[in-house]
Amino acid sequence: MSNTQSKPLILVDGSSYLYRAFHALPQLMNSSQMPTGATYGIINMLKKLKADYEPTHMVVVFDPKGETFRDALYPAYKAHREAMPADLAKQIEPIHAIIKALGFPILMLDGFEADDVIGTLAKQASAHGEKTIISTGDKDLAQLVNQDVTLINTMSGSLLDEAGVKEKFGVRPDQIIDYLTLVGDTSDNIPGVPQVGPKTAAKWLTEYETLDALVKHADNIKGKVGDNFKAHLSQLPLTKTLVTIKCDVPLPYTHDDLKLQPEDNDALIQWFKTMEFKSWLAERLNGSKKTLETSNEKHYDTIFTEAQLEAWVKKIKHAKFMAFDTETTSLEYMNARIVGMSFSVEAHHAAYLPFGHSYLGVPQQLSEALVWKHMKPILEDKTILKVGQNIKYDLEVLANAGVTMQGVQHDTMLESYVIDSTSNAHDMESLALKYLGAKTIPFSEVAGKGAKQITFDQVSIETAAPYAAEDADITLQLHHALWPKVSAHAGIQHIYETIEMPLVSVLVTIERNGVKIDPDKLRQQGKELQKRLVTLEDQAFTMAGKQFNMNSPKQLQSILFEDLNLPILQKTPTGQASTADAVLQELAQDFELPQLIIEYRSLSKLISTYTSKLVQQINAKTGRVHTSYNQTGAATGRLSSSDPNLQNIPVRTQEGRRIRQAFVAAPGKQLVSADYSQIELRLMAHISQDKNLLSAFQQNLDIHAATAAEVWGVPLADVTQSMRRDAKAINFGLIYGMSAFGLTKQLGIDRKAAQDYIDKYFTRYPGVHQYMENTRQHAHEKGYVETLWGRRLYLPDINASQMMRKKAAERAAINAPLQGSAADLIKMAMLNIHHWMMDENIPAKMIMQVHDELVFEVDENALENVMDGVRERMSKVVTLHVPLLVSIGHGDNWDAASAH
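This structure is a prediction, so every number in the text was calculated from the model and none was measured.

**Q** Would you explain the overall build of the protein chain in this entry?
**A** What the protein chain contains, in helices and strands, is 38 helices and 23 strands. Each principal axis of the C-alpha atoms in the protein chain carries an extent, and together these give about 105 × 80 × 60 Å. Counting every position in the protein chain, which comprises 900 residues, the buried fraction comes to 52%. Counted over contacts in the protein chain with a minimum sequence separation of 6, partners at least 24 positions apart contribute 68%. Put simply, the protein chain shows about 40300 Å² of open surface, and 50% of that area lies on carbon and sulfur atoms. Distance between charge centres in the protein chain, computed from 91 positive and 107 negative side chains, equals 2 Å.

This is the structure in structure tokens:
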């Protein structure tokens, strides 16, 4: 080795970090349900080490497979260790492959542990005057620390030099072997001296310096601990050998073998794609010839002449598919104006057609009239199939221009969603990285960020064209990548083709219909809520004995847990007393101030989200509020809504109902609300085939009273309101996988009584119990569950080693098929009703969907016909082993209509 090398040698204890990374990080999975957490943790750590020290020589050392010399010395060595968890074992190959591709040499030597290889390399480095940094989380390696060797725990960031070892263990590095001999190592099944812990060992070695000296003075050590020490003197030599790192291993490596190698960028791109490490993939692609921007195959046109447009129209007519995208002035679909459009019919070839850019010095564009003359027939032609990314938005902005796009066949966002609904990244940038290994041009690069962001009509065509054309090109490529994955599973393809894609045009109709809001009612309620807030504040200040900011968690912590000395039930990650809603709910059972805070927060949210904001969201042109429904917002298939969010208006509180009263019918019309009654319980009966549950629904019994009668063993007529209430908690609790602990909190009873209720429930409803057991087992084996119609719901944590995550995944497994099937059901009902209304020209509009409820605006003279038609189509959308009960009502506002 050269003693001129100034940078330290970095030795990484790979085996130490394997388990630490695996247990420390969440149970990450890619879309193929391959575990990726340990891989991410270790690679992240190595990247950080390399960046911090910029070494020339750095190796990662792993334990070899099979036994080492210590096993021969002591057969019980590490004997109690369990086999490597399956989710970690699956990551060994990618971990090794990525480490090598990053240029780090990997060392493994049969018969010797990683510690011994590291110890030998460190000793050799010291002999040549070279500094060494050992990255590890293993305390045993502290024995190697000297003026040339330092330990770093890269996961915690802590450094251990000679002084650090003394501070941490109470002994010097040269005493660590004797220290470990005394205390043993439970993780390796190495016996120490019973009752001799770290403090005693450090005290003895401070007094006697060495183990040999301590042994010579064994008679001086009194009491039980002294007796133990003397009784175990014979085992000390073996223990000392086992804990001593061997620093003279015959290594088949030269100094050059420790040198960092050039990175294999292509291999890294492939692995980061497979593991779905998006940010790392983006970094790699930035410097790679594989980026879309530098692809030699790419050819994008900007259309400025009618001849160019006619040539593209001809291409489109002869193509199997047309990928399509619009560029507009706003994300608000009702107010957005189209600036240009892009299309692609083959990979790497696309065009941008600008006609609405309006900045100073803009080149001559084709007129809007000419563009629609050529493009409207194409867009409205059912035989020319279209694919888009979030094509619902394009349909809506085209409708603003008087174009009804037909032939919409695919949406890459929805293809991604049905493949893996648990992923929350279905945007084009994420999908391009994940499935194509391509980095797309971000919107901020063409339009700027924050306050400096400009609208697209102000972006120069020269800048806009590559961005816009790329959107169409990538959309087409994504479809070709995603469709084989969708069509590989009959259930997934069925959900996509018969529910999700047809629903797009239904949602366009609902969103554009909008809902009428009475602004005066909202303003009046806002004033009343503000008054109530002031009253609540005054009451809270009186209780606290002083004024404080009700919205400040820090001040609230001080009031509740310092001034009032309330019990601290939970702490934040930073160690502060938590004031989260769940904590306040629990405290509110015994203390009045937390109850006031909960009410205050609830009313504040209603004001900020609804009474103030809804008035501002009324569209100036239509006089209505137009929400956006998101098909990819929930893993179970449920729709979510935003701007405004209509799903979270509380239905059980007086304040929530008053907000619903501001959702009104237009003159001469009424609102009709129809919702499925107890749909998830009915689905439970159908799926579980439990005879008693099926019978109760088939006889149209009050299901909660029927459950109470079964669980408490009393006639139906003798069921009290209290019994029914508890039975309802059990019914709904078990659907969500609730345990006895959860039921204890829900009903305010002891754990034994809660378990007794559950046991009785399962005795009376054995089919439900069997469904739960079968579902758990299926989830553990397959990693997913399915709805009745084949929607697949993945559970990344179902086989997690951490019990809390695993139990949460099991609860989700039980509920997901029920909630997912309910989501499928309401979507199928929406499709049926929409087609009936369109085909028969029914004088009604579907205007809202909220969970299991549909809301319509109906001509007053058609009320009875519409209500009958809606009820029939909702209750007969599918045939189950139990009737689908639909509650339906009408009124001049949403609250009145839903009070059925």
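**Q** So what exactly am I meant to see when it comes to the pairing of strand E21 (residues 844–850) here?
**A** Successive side chains on a regular strand alternate, one facing one side of the sheet and the next facing the other. When you tally the buried positions in E21, you get 6 out of 7 residues, the bulk of the element. Strand direction decides the pairing type here: E21 and strand E22 (residues 853–859), joined by 6 bridges, are antiparallel. Paired with Val-850 across the strands is Glu-853, a residue of E22. Between the antiparallel neighbours E21 and E22 lie 2 residues, among them His-851 with a positive phi of about 55°.

**Q** Mind showing me how you'd approach the side chain of Ser-421 here?
**A** In this structure, Ser-421 sits in the loop between helix H18 (412–419) and helix H19 (428–436). Apart from the residues within four sequence positions on either side, Ser-421 is in contact with His-426, Ala-635, Arg-792 and Leu-793.

**Q** What is the right way to read unusual backbone geometry from this model?
**A** Negative phi values dominate among residues other than glycine, just as trans dominates among peptide bonds. For the peptide bond that leads from Asp-643 to Pro-644, omega is 0°, which places it in the cis range. Tracing the backbone shows Pro-644 in the loop between strand E16 (640–642) and helix H28 (654–661).

**Q** Would you explain the nonpolar core in this entry?
**A** Within soluble globular proteins, side chains that are nonpolar tend to cluster in buried spots. Phe-343, Met-375, Phe-663, Tyr-676 and Met-874 are the most contacted members of the largest nonpolar core, which has 167 residues in total. In terms of residues, this core owes the most to one element, helix H36 (residues 803–839), which gives 12 residues. The next biggest cluster of nonpolar side chains, apart from the first, holds 52 residues, and it includes Val-61, Leu-109, Val-145 and Ile-190.

**Q** Help me understand the sheet that holds strand E17 (residues 663–664), please; the structure alone is not making it clear to me.
**A** The strand order across the open sheet built from 3 strands is E14-E13-E17, with neighbouring strands paired in antiparallel fashion. At either margin of the open sheet sits one strand with a lone partner, and together these are strand E14 (624–625) and E17. Where strand E13 (residues 515–517) and E14 come together, 2 bridges link them in antiparallel fashion. For Val-515, the partnering residue across the bridge sits in E14 and is Val-625.

**Q** Please clarify how the pairing of strand E11 (residues 385–388) should be interpreted in this entry.
**A** In the sheet, strand E8 (residues 321–328) pairs with E11 via 3 bridges, with the strands oriented parallel. Looking at the pairing, Phe-321 lines up with Leu-385 of E11. By the bridge criterion, 3 bridges tie E11 to strand E12 (residues 408–411) in an arrangement that is parallel. By the bridge assignment for E12, Val-387 is matched with His-410. Between E11 and its parallel partner E12, the chain crosses via helix H17 (residues 391–400), and the hand of that crossover is right-handed.

Parameters and conventions
Residues numbered from 1 in each chain as written. Predicted model: local features only at pLDDT ≥ 70, side-chain atom pairs only at ≥ 80, totals over all residues. Heavy atoms only, no water. Helix = DSSP H or I, 4+ residues; strand = E, 2+ residues; numbered from the N terminus. Buried < 20%, exposed > 50% of the residue type's maximum accessible area, 1.4 Å probe, protein only. Contact = heavy atoms within 4.5 Å. Areas by Shrake-Rupley, 256 points an atom, 1.4 Å probe, with all protein chains shown as cover. Lys, Arg positive; Asp, Glu negative; His and termini not counted. Charge placed at Lys NZ, Arg CZ, Asp CG, Glu CD. Pairing = 2+ DSSP bridges. Core = buried A, V, L, I, M, F, W, Y, C linked by side-chain atoms within 4.5 Å. Right-handed = clockwise from strand over helix to strand, strands pointing away.

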